[in-house]
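This is what each chain is made of:
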2 protein chains.
Amino acid sequence: MTLEQLAIFAEVAERQHLTQAADALALTPSAVSAAVRRLEEAYGVPLFDRIGRGISLTAAGRIFLEEVRPMLARARAAERLLGELGGLQRGEISVFASQTVASYWLPPVLMRFHAEYPGIRLSLTIGNTATVAEAVAEGAAEMGFVEGEIADPALRIDSLVDDELMIVVGPDHAFAGRHDISADDLVGKTAWVLREPGSGTRSEFEHALARKGVDPERLEIALELPSNEAVLSAARSGLCATAVSGHVAAPHLTTGNLVRVDIALPSRTFRLLRHRDRNLGRAAQKLAEFSLSVAASDPRADLPVCR
Amino acid sequence: MTLEQLAIFAEVAERQHLTQAADALALTPSAVSAAVRRLEEAYGVPLFDRIGRGISLTAAGRIFLEEVRPMLARARAAERLLGELGGLQRGEISVFASQTVASYWLPPVLMRFHAEYPGIRLSLTIGNTATVAEAVAEGAAEMGFVEGEIADPALRIDSLVDDELMIVVGPDHAFAGRHDISADDLVGKTAWVLREPGSGTRSEFEHALARKGVDPERLEIALELPSNEAVLSAARSGLCATAVSGHVAAPHLTTGNLVRVDIALPSRTFRLLRHRDRNLGRAAQKLAEFSLSVAASDPRADLPVCR
DNA sequence: TAACTTTACGTCGTTCGTAACAATT
DNA sequence: AATTGTTACGAACGACGTAAAGTTA
């Protein structure tokens, strides 16, 4: 039983006229006749009565037609879907990303992509760097976004934008506006509100301090909070300093709610992870290009006041 | 896009293993590989990633698989249906029949058929002789049952059983038990309750009387009733006579509720109508044979006391 | 005669299997 | 070395079109 046979059968059955059906199908009456006969003989069921010089459905044919019609509809739907999957009209992309990039840099990229290709469903899963890399390697994610270093031979890695870890304070804080803050001032001269231990931001900050010769243990930590927005709210009070990703701080710096402290911390890079061998669908490929071009257009576009 | 291609795709997709899928499909890996490739190239959509020495679904492939699975299920259902339509497990037979045969002789035949082939749906439509013949000629009915003569070159006609028109009265009626009733006695010696003008029974009765030299107009008609059971109920009172088909009267004669008057009226024949050229499905053909054999087994089987 | 379906037959394209090949574990 | 997927190629099969035949209105 072939889809073509069924389509031919349906066409003939609905027109009750073999020649007209043949025209509609762009076939010769001979081919149509043969196709119907094959279908009938394969199952031993007469579907049409050859009556006089015409043909008309048998009872079995009528019943079968009821089954065939919705089936052809499904087939056409599947065919259309397959075509759309090749184009950019339909699809589903699974993206894994680590905390910061998922929360700050990525959303506007995804939204812009969605605006351009509304038929593509995007699903974003947040995980740590290892989780993201594993998902991409296994194929659970089409692509991943992480901050920081990663090394996996199965992965193809592209740098996107630089992210600066920065120290911010409220405008009323003693550090605000000053350009002579040294690393040593970070201990004793201010209280700190930081992300919780285990978070990427916290560990990066501590490593950065250590590289500057400051023992993180000596910081006066007033509070540990489990979200970026929480520590920023605390800093806004002017009673403490905090350290966050530049992408996190950016919107607050532009409004003047927060002020950056003029101490350089090492920057890290957002990276795009793709599988080395696995082919991306056209949609996913487009999203990857999208991310790369957004990143390339201006690595600092989202950090207008970070200098 | 072929059903076979889809089946192959689904098999490979579900096993994530081309060779195993090939075994399951009784094909060579080569054929399976080629089939998948054809499907992919026809629509320009990579459905599998060839990764290492294995293959795994792409995102597009996963989505497509969700569409393909229910579709293959439908296809298999249609295929099964087609097979069953050829056998006697499924089907639908439309039968047209005229009043008397539809109401009395046919039902037990249909019930016996149904008991043997419960998967076959029977639909019975009642009409007059002309309606029935037309339905069969047009194909609206697989077969028809009528009483009396019919002539249509498109129809194949078989005689089934004889039906006697008979005069019946209640046991208290003056005619009951008498064997010396003549045709002339039918006028003036009893009141009549008859089926309405236009019914087959009424017109046949009047023609029969006319052939016996009795003017139907002279009958003392007390009441005209539109159903066989109604006239029989009236006759049971003993106050009138009536004329009905032997098949209609039979059950009442056996119980003694009614008595037949010993006057011979011409008999008519129940006939089976089939289209001369149109092929019956196996089920319908079986039903026709069924009717013929029931009729042949004993033409009087349903008329035990009609003599 | 005209309309319609079917049969006969040659041709072309598709799909299959065998066998060799390439790549991975 | 064994497993797995792919390519090359020849053979079998199926479907199509042309042309002719059979049937009916």
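The numbers attached to residues start from 1 for each chain and follow its sequence in the written order. Each chain is given a letter, starting from A, and each ligand a number, starting from 1, according to the order in which they appear as written. Only residues with pLDDT of at least 70 are given local features in this predicted model, and only at 80 or more are side-chain atom pairs given and counted; all residues enter the totals for whole chains, interfaces and linings. Only hydrogens and water are removed before side-chain values are computed, so all heavy atoms of the structure are retained for them.

- By the naming in an unreviewed UniProt entry, chain A goes by LysR family transcriptional regulator and is assigned to Pseudohoeflea suaedae.
- UniProt positions are given in the numbering used here, feature names are shortened, and annotations may be inferred rather than shown by experiment. What the UniProt record of chain A gives under Sequence similarities (unreviewed entry) is the line "Belongs to the LysR transcriptional regulatory family."

1. Considerations on the overall build of chain A
Here comes step 1: When helices and strands are counted, chain A shows 10 helices and 11 strands.
Here comes step 2: The C-alpha atoms of chain A give 32 Å as radius of gyration, which overshoots the globular expectation for 307 residues (19 Å, by more than 25%).
Here comes step 3: Seen through its principal axes, chain A has C-alpha atoms that stretch 105 × 40 × 30 Å.
Here comes step 4: In chain A, which comprises 307 residues, the proportion classed as buried is 49%.
Here comes step 5: Residues are treated as being in contact if the distance between any of their heavy atoms lies within 4.5 Å. Long-range contacts, defined here as pairs at least 24 residues apart, represent 75% of the contacts in chain A between residues at least 6 apart.
Here comes step 6: A 1.4 Å probe and the Shrake-Rupley method give the accessible areas. Residues count as covered only by the protein chains that appear here. A total accessible area of about 13,900 Å² is found for chain A, and carbon and sulfur atoms account for 49% of it. Numbering of helices and strands runs from the N terminus; a helix is a DSSP stretch of H or I covering at least four residues, while a strand is a stretch of E covering at least two. Only C-alpha atoms enter the radius of gyration; for comparison, a globular chain is expected to reach 2.2 Å times N to the power 0.38, where N is the number of residues. With a 1.4 Å probe rolled over the protein chains alone, any residue whose accessible area is under 20% of its type maximum counts as buried; one over 50% counts as exposed, and the rest are partly exposed.

2. Points about the interface of chain A and chain B
Here comes step 1: On the side of chain B, 38 residues touch chain A, which itself brings 37 residues to the contact.
Here comes step 2: Put simply, buried area is the surface a 1.4 Å probe can reach on two separate parts but cannot reach once they are joined, added for both. Summed over both partners, the interface of chain A with chain B comes to about 3,600 Å²; 67% of that surface belongs to carbon and sulfur atoms.
Here comes step 3: The term salt bridge refers to a side-chain nitrogen of Lys or Arg lying within 4 Å of a carboxyl oxygen of Asp or Glu. Run the count over chain A and chain B and you get 4 salt bridges.
Here comes step 4: Its salt-bridge partner being Glu67 of chain A, residue Arg74 of chain B comes within 3.9 Å of it at the nearest N-O pair.
Here comes step 5: Here a polar contact is taken to be a pair of N or O atoms separated by no more than 3.5 Å, where protein atoms must pair a possible hydrogen donor with a possible acceptor and residues adjacent in sequence count only if both atoms sit in side chains. On inspection of chain A and its partner chain B, the count reaches 2 residue pairs in polar contact (both at pLDDT 80 or more).
Here comes step 6: Secondary-structure elements contributing two or more residues to the side of chain A that touches chain B are helix H3 (29–43), strand S1 (48–51), strand S2 (54–57), helix H4 (59–86) and strand S3 (91–98) of chain A.
Here comes step 7: If one sorts the elements of the side of chain A that touches chain B by residue count, H4 of chain A sits on top with 18 residues.

3. Quick notes on the UniProt feature "domain: HTH lysR-type" (unreviewed entry) in chain A
Here comes step 1: Taking the numbering used here, the UniProt-annotated feature "domain: HTH lysR-type" (unreviewed entry) corresponds to residues 1–58 of chain A.
Here comes step 2: For residues 1–58 of chain A, the helix share is 62%, the strand share is 14%, and the end-to-end C-alpha distance is 19 Å.

4. Quick look at the relation of the copies chain A and chain B
Here comes step 1: Between the two copies, chain A and chain B, the superposition gives an RMSD of 0.3 Å; the rotation angle is 180 degrees and the shift along the axis is 0.2 Å. Considering both components of the superposition, the chain copies are consistent with a two-fold axis.
Here comes step 2: Comparing contact sets, 100% of the residues at the interface of chain A also lie at the interface in chain B, consistent with an isologous, same-surface contact. When the copies are overlaid, the least-squares fit takes in C-alpha atoms only where the residue has pLDDT of at least 70 in both copies.

5. Some details on the nonpolar core
Here comes step 1: Formed by 62 residues in total, the largest nonpolar core has its most connected members in Phe9, Phe48 and Phe64 of chain A together with Phe9, Phe48 and Phe64 of chain B.
Here comes step 2: Discounting chain neighbours no more than four positions away, the residues touching Phe48 of chain B are Phe9, Val12, Ala13, Val36, Glu40, Ile55, Ser56, Leu57 and Thr58 of chain B. Within this scheme, the nonpolar core is defined by two criteria: the residues are buried Ala, Val, Leu, Ile, Met, Phe, Trp, Tyr or Cys, and they are joined through side-chain atoms within 4.5 Å.

6. Digging into the domain arrangement of chain A
Here comes step 1: Structurally, chain A comprises domain 1 (1–72), domain 2 (86–162 + 268–307) and domain 3 (165–266).
Here comes step 2: Either an automatic procedure or a domain database provided the assignment from which the domain bounds are taken. A separation of 51 Å is found between the C-alpha centroids of domain 1 of chain A and domain 2 of chain A.

7. Thoughts on the packing of aromatic side chains
Here comes step 1: Pairing of aromatic rings covers Phe, Tyr and the six-membered ring of Trp, with a centre-to-centre limit of 6.5 Å; geometry is then stacked below 30 degrees between planes, edge-to-face above 60, and tilted otherwise. Inspection of the entire model under this criterion finds 14 aromatic pairs over all chains.
Here comes step 2: Measuring from centroid to centroid gives 5.0 Å for Phe113 of chain A and Tyr117 of chain A, while their planes differ by 50 degrees, and the two rings are tilted.
Here comes step 3: On the basis of an interplanar angle of 90 degrees and a centroid distance of 5.8 Å, the ring pair of Phe113 of chain B and Phe290 of chain B is categorised as edge-to-face. Here Phe113 of chain B, found in helix H5 (residues 99–116), pairs with Phe290 of chain B, found in helix H10 (residues 282–297); they are 177 residues apart in sequence, far enough to count as distant. Accessibility assignment for this pair places Phe113 of chain B and Phe290 of chain B in one class, buried.
Here comes step 4: By way of ring pairs, the aromatic residues Phe9, Phe48 and Phe64 of chain A are connected into one cluster.

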